[in-house]
Amino acid sequence: MTSIEHPFAQFVRILGKGRKGSRSLTYQEALDAMGMILRGKTEDVQLGAFMMLLRVKEENADELAGFTQATKDFIAPSIPSNIHADLDWSSYAGKRRQLPWYLLAALTLADNGIKVFMHGADGHTEGRIYSQETLEKLGVSAANNWQEAEQHLNKNNFCFMAMKTLCPQLQSIIDLRNTFGLRSPVHSFSRLLNPLNCEYISQGIFHPGYGPSHQQSAELLGYKRLSILKGEGGECEMNPDSAARMYHCFNGELIEEQWDAIFERRHVKPETLDIENLKTTWKDENDEYGMGAILGTLAYTARLMGKAQSKEECLKQAQSWWDKRNKSRFD
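Residues numbered from 1 in each chain as written. Predicted model: local features only at pLDDT ≥ 70, side-chain atom pairs only at ≥ 80, totals over all residues. Heavy atoms only, no water.

Asker: Please clarify how the packing of aromatic side chains should be interpreted in this entry.
Answerer: To describe a pair of aromatic rings, you give the distance between the ring centres and the angle between the ring planes. Tallied over the full model, the rule gives 7 aromatic pairs. An angle of 80° between the planes, with centres 5.5 Å apart, marks the rings of Trp282 and Trp322 as edge-to-face. Taken together, the residues Trp282 in helix α14 (residues 276-284) and Trp322 in helix α16 (residues 311-323) connect sequence positions 40 residues apart. The exposure class assigned to Trp282 is buried, which follows from its relative accessible area of 0%. Given the relative accessible area of 0%, Trp322 is considered buried. Three or more aromatic residues joined by ring pairs make a cluster, and in this case those are Phe8, Phe11, Phe50, Phe67 and Phe189. For Arg225, the ring lying beneath its charged end belongs to Phe250, and the centroid distance is 3.6 Å. Stacked on the ring of Trp322, the Lys or Arg Arg325 has its end atom at 3.8 Å from the ring centre. (Phe/Tyr/Trp six-rings, centres within 6.5 Å; stacked < 30°, edge-to-face > 60°. Helix = DSSP H or I, 4+ residues; strand = E, 2+ residues; numbered from the N terminus. Buried < 20%, exposed > 50% of the residue type's maximum accessible area, 1.4 Å probe, protein only. Lys NZ or Arg CZ within 6 Å of the ring centre and 35° of its normal.)

Here it is in structure tokens:
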């Protein structure tokens, strides 16, 4: 008796048919494949093979856009239409060498009336500090559902939602990090999700090679104002000791840009990462590196939002936002 081929097998075969026979997925194939994965229409062995074949090949723009759009379509029915945010901020890398100063930048924007929706995943790589755990230590709780997300945005102009709430199906793949021994493409395209369809989209990357493919994916997805920062540790955070490389997609125009480092001399990496230092720096500006990271990240955001263009003007806007923060937030 002839067995019937599993419907998902075609996608594994496209990627795994050898050096001469394999190829990348088209946008439609990526869309269909991820749709099957999210609906639980694949076998575990197929999922593992598919993700690792992609990891070896590295995803191109069509694949990233297809995976992203499939996920957006999958989660859209669960999102109330009345929830609004201005800035989508993805946070999936975690920090290892420096504190997550970008969180203070995001909260500063919230204090200035800019609604920030941050989403991310934690715990997938040992020895890193993640957004959710840090925010909780700062007294900012994550939203456990979309009703809470709306309340957080309306009350505080800021909301963090974990991937396990946003899309549990993707979180389950992220959780395979220690099983695979590698990160999967989910870590990459999650940054492009923009579930609330915000006008402005910010994402951080670690490897600069991802910049152009994410730019092109943003164009395919119809995003009008997206910026990608080669950030400290892979998060959307300016390293003030290094030149800042940015990749923009502004109304269909793909721009690569670099700013000089904020400081001429590099700072010594701290021996320990104490979350309390975030609170004291918010109040007293006591950490030079931290202040450079915060203002640099705010300046990058000003560039994304079209508030200014040059580094100098963007830093002026950053300082203005910082000066208007709620200094008593962590009292």
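Asker: I'm lost on α16 in this one. Help?
Answerer: Within an α-helix, residues lying three or four positions from one another point in the same direction, as the helix has 3.6 residues per turn. Between its terminal C-alpha atoms α16 stretches 18 Å, which fits the 18 Å expected from 13 residues at 1.5 Å a residue. Every buried residue of α16 is listed here: Lys311, Cys314, Ala318, Trp321 and Trp322. Taken around the axis of α16, the buried residues stretch over an arc of 95°, which confines them to a single face. Along α16, the residues that are exposed and aim more than 90 degrees away from the buried face are Glu312 and Lys316. Those residues of α16 that are buried are in contact with α6 (102-111), β7 (253-259), α14 and α15 (288-304). (Expected span 1.5 Å × (residues − 1). Arc of directions from axis to C-beta. Contact = heavy atoms within 4.5 Å.)

Asker: Sorry, what's going on with α6 here?
Answerer: Taking burial as the measure, the 10 residues of α6 include 9 buried ones, the bulk of the element. When α6 is considered as a whole, its buried residues turn out to be Tyr102, Leu103, Leu104, Ala105, Ala106, Leu107, Thr108, Leu109 and Ala110. Gly113 sits one or two residues past α6 and shows a positive phi near 85°.

Asker: Would you take a moment to explain the sheet that holds strand β5 (residues 225-230) for this structure?
Answerer: Remark on secondary structure: sheet strands pair via backbone hydrogen bonds, oriented parallel or antiparallel. Strand order in the open sheet formed by 7 strands is β3-β2-β1-β4-β5-β6-β7, and the pairing between neighbours is mixed. The open sheet has two free edges, formed respectively by β3 (158-162) and β7, since each of these has just one partner strand. Each neighbouring strand pair of the sheet contributes to a mean axis angle of 20°, computed without reference to strand direction. Relative to β7, strand β6 (residues 244-250) is paired through 7 bridges, and the arrangement is antiparallel. (Pairing = 2+ DSSP bridges. Axes fitted to C-alpha atoms, helices over the stretch in contact; angles between N-to-C directions.)

Asker: Hey, could you run me through the environment of Met36 in this one?
Answerer: Along the chain, Met36 falls in helix α3 (residues 27-38). For the pair Met36 and Phe8, spaced 28 residues apart in sequence, the C-alpha to C-alpha distance is 7.6 Å.

Asker: What should I look at first to understand the side chain of Lys115 in this one?
Answerer: Mapped onto the elements, Lys115 comes out in the loop between α6 and β2 (116-120). For the buried Lys115, no salt bridge is present, and the opposite-charge side chain at shortest range is Asp86, 6.6 Å distant. Other than its neighbours up to four places away in sequence, Lys115 contacts His84, Ala85, Asp86, Leu87, Leu153, Asn154 and Asn157. (Lys, Arg positive; Asp, Glu negative; His and termini not counted. Salt bridge = Lys/Arg side-chain N within 4 Å of Asp/Glu carboxyl O.)

Asker: Looking at this structure, how should I read the packing of helix α5 (residues 61-75) against helix α13 (residues 210-220)?
Answerer: A pair of packed helices can be characterised by two numbers: the angle between their axes and the separation between those axes. Axis separation between α5 and α13 bottoms out at 8 Å; the angle between their running directions is 50°. Classified by the interaxial angle, the pair formed by α5 and α13 is oblique. Crossing hand, α5 versus α13: right-handed. Across the interface between the two elements, Ala61, Asp62, Leu64 and Ala65 from α5 touch Ser213, His214, Gln216, Ser217 and Leu220 from α13. Residue classes in the contact of α5 with α13 are distributed as 4 nonpolar, 4 polar and 1 charged. (Parallel < 35°, antiparallel > 145°, perpendicular 65-115°, else oblique. Left-handed = near helix turned anticlockwise from the far one by under 90°. Nonpolar A, V, L, I, M, F, W, Y, C, P; charged D, E, K, R; others polar.)

Asker: How should I be thinking about the nonpolar core in this particular structure?
Answerer: Nonpolar side chains tend toward joint burial in soluble globular proteins. Grouped together as the largest cluster of nonpolar side chains are 57 residues, with contacts concentrated most on Met34, Phe50, Met51, Trp146, Met163, Leu170 and Leu196. No other element matches α3, which puts 7 residues into this core. Phe50 has contacts with Phe8, Phe11, Val12, Leu15, Leu25, Ala33, Ile37 and Phe67, leaving out every residue within four places of it along the chain. If you look at the next biggest cluster of nonpolar residues, it comprises 51 residues, including Leu99, Val116, Ala244 and Phe330. (Core = buried A, V, L, I, M, F, W, Y, C linked by side-chain atoms within 4.5 Å.)

Asker: What am I meant to see in the state of the cysteines here?
Answerer: Any covalent bond linking the sulfur atoms of two cysteines counts as a disulfide. Tallied over the full model, the rule gives 0 disulfides. Cys236 takes part in no disulfide bond, and the closest cysteine sulfur to it belongs to Cys314, at a distance of 13 Å. Sulfur of Cys249: no disulfide; nearest cysteine sulfur belongs to Cys236 and is 16 Å away. (Disulfide = S-S within 2.5 Å.)

Asker: I keep staring at unusual backbone geometry and nothing clicks. Help me out?
Answerer: Among all residues save glycine, negative phi is the norm, and among peptide bonds the norm is trans. Although it is not a glycine, Glu58 sits at a positive phi angle of roughly 75°. Position of Glu58 among the secondary structure elements: in the loop between α4 (44-57) and α5. One non-glycine residue, Asn251, lies in positive phi territory at about 50°. Among the structural elements, Asn251 can be located in the loop between β6 and β7.

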